[in-house]
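So you can see what is in the structure, the chains are spelled out below.
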Amino acid sequence: MDPTSSTVEPTSSSVDPGVVVDLSVVVPAYNEERRLGPTLDAITTYLGDNEGRFGHWEIIVADDGSDDGTREVVTSRADPRVQLVTSPRNRGKGHALRLGVAATRGHRVLVTDADLAAPIEELEKLDKELGEGHAAAIGSRAAPGATIESHQHPIRELLGRAGNFLIRQAAVPGIRDTQCGFKLFEGDRAREAFAASRINGWGIDVEVLQHFRRADWEVAEVPVRWSHQSGSKVRPLDYAKVLTELGRLRARSLRPVDVLVTVLFLLMSVGLYSGRLFDPDHRYLVDSLQDQNQWEWFFAVTADNVAHLHNPFFSNLQGFPDGVNLMANTVMLGLSVPFAPLTLLAGPAVSLSVCMALGLAATAAAWYWLIVKRVVRQRAAAFVGASLAAFAPPMVSHANAHPNFVILSMIPLIIDRALRLCTGTRVVRDGVVLGLMAAYQIFLGEEPLLLASIGMVLFAASYGVLNRDVVRASWRPLLKGLGIAAGICAPIILIPLYYQFMGPQSYKSVLHGDNAGNSPLALLSFAERSLIAGNEVRANALSLNPTEQNAFYGWPLVALAFAIVVRLWEHALVKALAFTAIAAAILSMGPKIRIPLTDTVYSGPWALLAHKPLFESVIEGRVAMICAPALGMLLAIAVEKLAATRRLGTQYIGLLAVCMAVIPIIPAPLKAVDRSAVPAFFTDGTYKSYVRAGESIVPVPLADPGSAEPLHWQTASGLGFKMPGGYFNGPYGDDRIGIYGASPRYTSNMLRDVRYTGVIPTIGRNWQAQAKVDFAYWHAGALVIAPQPNDDKLRTAVEKLVGKPGKWVDGVWVWDLHEGS
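Residues numbered from 1 in each chain as written. Predicted model: local features only at pLDDT ≥ 70, side-chain atom pairs only at ≥ 80, totals over all residues. Heavy atoms only, no water.

## Some details on the environment of Cys 489
Then, number 1: Here Cys 489 lies in helix H21 (residues 468–502).
Then, number 2: Spatially, the C-alpha atoms of Cys 489 and Val 432 are 8.4 Å apart, while their sequence positions differ by 57 residues.
Then, number 3: If we ignore the near neighbours within four places in the chain, the residues touching Cys 489 are Gly 435, Ala 438, Ala 439 and Ile 442. (Helix = DSSP H or I, 4+ residues; strand = E, 2+ residues; numbered from the N terminus. Contact = heavy atoms within 4.5 Å.)

Here it is in structure tokens:
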């Protein structure tokens, strides 16, 4: 207690300092002239009548700068056990309690409000809990058995419940009522907790309870009788102030090293995306192939749907007239919807670029948080492990084009919540939270959630075999919690998933061919974008494309991981992580595994899953992404062990091995090139005079997964026109098999072939008639050819199909298909 900010005034002769005080009662007061007297009478009478139980006692009234007769009510008393602590000015309940508790000497400290809404007789219940070993017992109006004899105004009560709910979620989960002003503490622990507090307002109760929880001091929540008293100093907005105070407290409680690590992750992400991040409208990630155009369109169409209250699961802006089932595509509503304001304000290129840079940093921070909480305590070791988990070669490969495989910050949180369920402490709450998390992750990406589930099952199975006692203790609460999670998640995702699988333009599965698995060599080789050891030719020979380099951990890291497992084999966690990584690597090789440098092919374990629902659409090579966090955790464990050893030789060699394994796979910044300018025909709005209601602009050839630049034209025009074709997943044929792009038509196939080969077929009446049918199907208002390879051949083909030459208008060749044009 700061003697310059308060004074202690006994009411009469000084209290004998040699007397051992068993119970101290602290009453904070501000302008309590009317209510304080009866409160002190009730407390002194009760304690006087029960000295056999509570022993020697004292009452400390902590005056918080009152400007009425509050102090005189105390000083006029003849009982030396009633003392006054004063503050020169009003600073809040928290400050008053801090002064009052600091002045106590009791083995136990009771904190009670001046209105005595919880009768002093309830002290007996709290005292019993301390006698049973708890460090604190807090009165509760919400615990089962509590009695509310006089209620507050309904609005005030509703605000109080809402505030308590938010406080519980933000600060002290599991405690139903933090704000009931009747709490009993062990004296020394109370003085320590209040002395460490910083909040001056109503949030002091929560801060102190947080202190007890961090110190693992048990707190009992005790149902009490409670009656609302008139003249309450708590205003409806004070709950909002409590949350504000807790937010500031949380910010102050952050470890500087954790803030530094988060900043480093952000800088690493910015460095990776530096080629596009600072001018996204005019820069293009060349290794994204056509995916950047696709994703910008996803963000643009979502923002447009939000702005105009359109169906967020469907659009006919591309794939016209059939349209696109957005829920059946990786549109990431969980982010494209929250980012809609930025998309509308700055455009989809900026929104996507910011989202991916922040999302990758958030993913790294989430893995760091999980590793610190569950794997190692050493922050530097956790940083190394999280960096590998978030910036491993397969993550960097997907960072070119697939935000749904980059923004994985929910996955570590889901893993942690599942582990909480295993403890069985708060199964219902954790099950509900897990259900909400899973539902949100579905709106971020279903395939990453499926892969994460595979990883969790592999880890749980191996860890369970090694720790059967853990399985016996945890399987019941885990299954119960998973059932609760499913019950919470299902109603949220039922309609979206029905639309995805049964709605318009839904499809059964996407076939990726028989070569989507990783070669065993891919696990040992280096990725194209590795800064030191990158090998573009070899990486492309061992992968589907630059965005699907799903392994490429490099042989030094694999060798180091093997050495870590051998050295730390006695640890069950190490064994489980090793099994998870090895099993995921084998699964990622696909249904058929070819032994390198031979023609020998074996059936892989993925063959058991390849044709099962959901799994049939997975690119099995992506299963190797599970290895990234597993290897990251193994690396974190090894670094922590090395940091703890006192053998300098071992430490030097070990850290050198870690550097030699990690440095070769440090990613280089993603390649970015200048973006082709959008023709003025679209940016100036010239196209508007060529399309009528219900018509489309037909780019020649149609946009497809190999050339999706027309999607950029469409977003640059503010989504002002519809077009056939496009880059999305949609159905094909009567079996509704999933394909990339719109269902092909004769004319679209022919024009695409002309673009890629430069060969024009013989175009007679048959082709002209077919083109007329296809143009009618597309509701074509105009055909447009932009400058591109073989554009002269395309112009010749279109002139023959239409029977007239095009016109050069604002950077494109245009054929107006309206009669009389």
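## Structural notes on the pairing of strand E19 (residues 737–740)
Then, number 1: Strand direction decides the pairing type here: strand E18 (residues 729–732) and E19, joined by four bridges, are antiparallel. Paired with Tyr 732 across the bridge in E19 is Ile 737.
Then, number 2: Here E18 folds back onto E19, and the loop between the two strands holds four residues, one of which, Gly 733, carries a positive phi near 75°. (Pairing = 2+ DSSP bridges.)

## Overview of the side chain of Ser 87
Then, number 1: Relative to the helices and strands, Ser 87 is located in the loop between strand E4 (82–86) and helix H4 (93–102).
Then, number 2: For Ser 87, a relative accessible area of 2% corresponds to the buried category.
Then, number 3: Within the structure, the side chain of Ser 87 is placed 3.1 Å from the backbone oxygen of Arg 89, a separation counted as a polar contact. (Buried < 20%, exposed > 50% of the residue type's maximum accessible area, 1.4 Å probe, protein only. Polar contact = N/O pair within 3.5 Å; in protein donor to acceptor, adjacent residues only side chain to side chain.)

## Overview of the sheet that holds strand E21 (residues 807–809)
Then, number 1: The strand order across the open sheet formed by four strands is E17-E20-E22-E21, and the pairing between neighbours is mixed. Two strands lie at the open edges of the sheet, namely strand E17 (696–699) and E21, each paired on one side alone. Adjacent strand axes in the sheet meet at a mean angle of 35°, parallel and antiparallel pairs treated alike.
Then, number 2: Against the sheet, helix H32 (residues 791–802) makes contact with strand E20 (780–785) and strand E22 (812–816), and its axis sits at roughly 150° relative to E20, the strand it touches most. (Axes fitted to C-alpha atoms, helices over the stretch in contact; angles between N-to-C directions.)

## Looking at the nonpolar core
Then, number 1: Among the nonpolar cores identified, the biggest contains 148 residues, and Phe 265, Tyr 273, Phe 681, Phe 682 and Ile 697 are the most heavily contacted of them.
Then, number 2: Among the elements that take part in this core, helix H15 (residues 348–374) stands out by supplying 13 residues, more than any other.
Then, number 3: Beyond its immediate chain neighbours, meaning those up to four positions away, Phe 682 contacts Tyr 687, Ile 697, Trp 713, Ser 717, Phe 721, Val 784 and Val 812.
Then, number 4: With 34 residues, the next largest nonpolar core counts Val 25, Phe 54, Leu 126 and Ala 220 among its residues. (Core = buried A, V, L, I, M, F, W, Y, C linked by side-chain atoms within 4.5 Å.)

## What about helix H20 (residues 446–466)?
Then, number 1: For H20, built from 21 residues, the straight-helix expectation of 30 Å at 1.5 Å per residue is met to within 8% by its first-to-last C-alpha distance of 30 Å.
Then, number 2: Of the positions making up H20, those classed as buried are Glu 447, Pro 448, Leu 449, Leu 450, Leu 451, Ala 452, Ile 454, Gly 455, Leu 458, Ser 462 and Gly 464. (Expected span 1.5 Å × (residues − 1).)

## Quick notes on the pairing of strand E6 (residues 136–140)
Then, number 1: Counting buried positions along E6 yields five of five residues, so the element is predominantly enclosed.
Then, number 2: A two-sided burial pattern is seen for E6, the buried positions comprising Ala 136, Ile 138 and Ser 140 on one face and Ala 137 and Gly 139 on the other.
Then, number 3: The pairing of E6 with strand E9 (residues 219–223) spans five bridges and is classified as parallel. Each bridged residue has a counterpart across the sheet, and for Gly 139 the counterpart in E9 is Val 222.

## Quick look at the environment of Leu 478
Then, number 1: Assignment of secondary structure puts Leu 478 in helix H21.
Then, number 2: On the basis of relative accessibility, which here comes to 23%, the residue Leu 478 falls in the partly exposed class.
Then, number 3: Residues Leu 478 and Asp 430, spaced 48 residues apart in sequence, show a C-alpha to C-alpha distance of 9.9 Å.
Then, number 4: Apart from the residues within four sequence positions on either side, Leu 478 is in contact with Ala 418, Leu 421 and Cys 422.

## Notes on the confidence of the model for the chain
The predicted coordinates of low-pLDDT regions are not to be read in fine detail.
Then, number 1: Per-residue pLDDT for the chain has a mean of 91; in total, 91% of the residues score no lower than 70.
Then, number 2: Counted against residues more than four places away or in other chains, residues 10–14, with its pLDDT under 50, gives 13 contacts. (pLDDT = per-residue confidence, 0-100.)

## Notes on the state of the cysteines
Then, number 1: Applying the stated criterion across every chain, the model contains zero disulfides.
Then, number 2: Here Cys 489 stays free of any disulfide, with the sulfur of Cys 422 as its closest cysteine sulfur at 18 Å.
Then, number 3: By relative accessible area, which is 9% here, Cys 489 ends up buried. (Disulfide = S-S within 2.5 Å.)

## Let's talk about a nonpolar patch on the surface
Then, number 1: Together, Leu 254, Val 259, Leu 260, Val 263, Leu 264, Leu 267 and Met 268 give the surface a local cluster of nonpolar side chains, amounting to about 570 Å² of exposed area.
Then, number 2: With respect to the helices, strands and loops of the structure, Leu 267 is situated in helix H10 (residues 256–272).
Then, number 3: Residue class for Leu 267 comes out exposed when judged on its relative accessible area of 53%. (Patch = residues over 30% accessible without salt bridge, like charges linked within 9 Å, V, L, I, M, F, W, Y side chains within 5 Å. Areas by Shrake-Rupley, 256 points an atom, 1.4 Å probe, with all protein chains shown as cover. Salt bridge = Lys/Arg side-chain N within 4 Å of Asp/Glu carboxyl O.)

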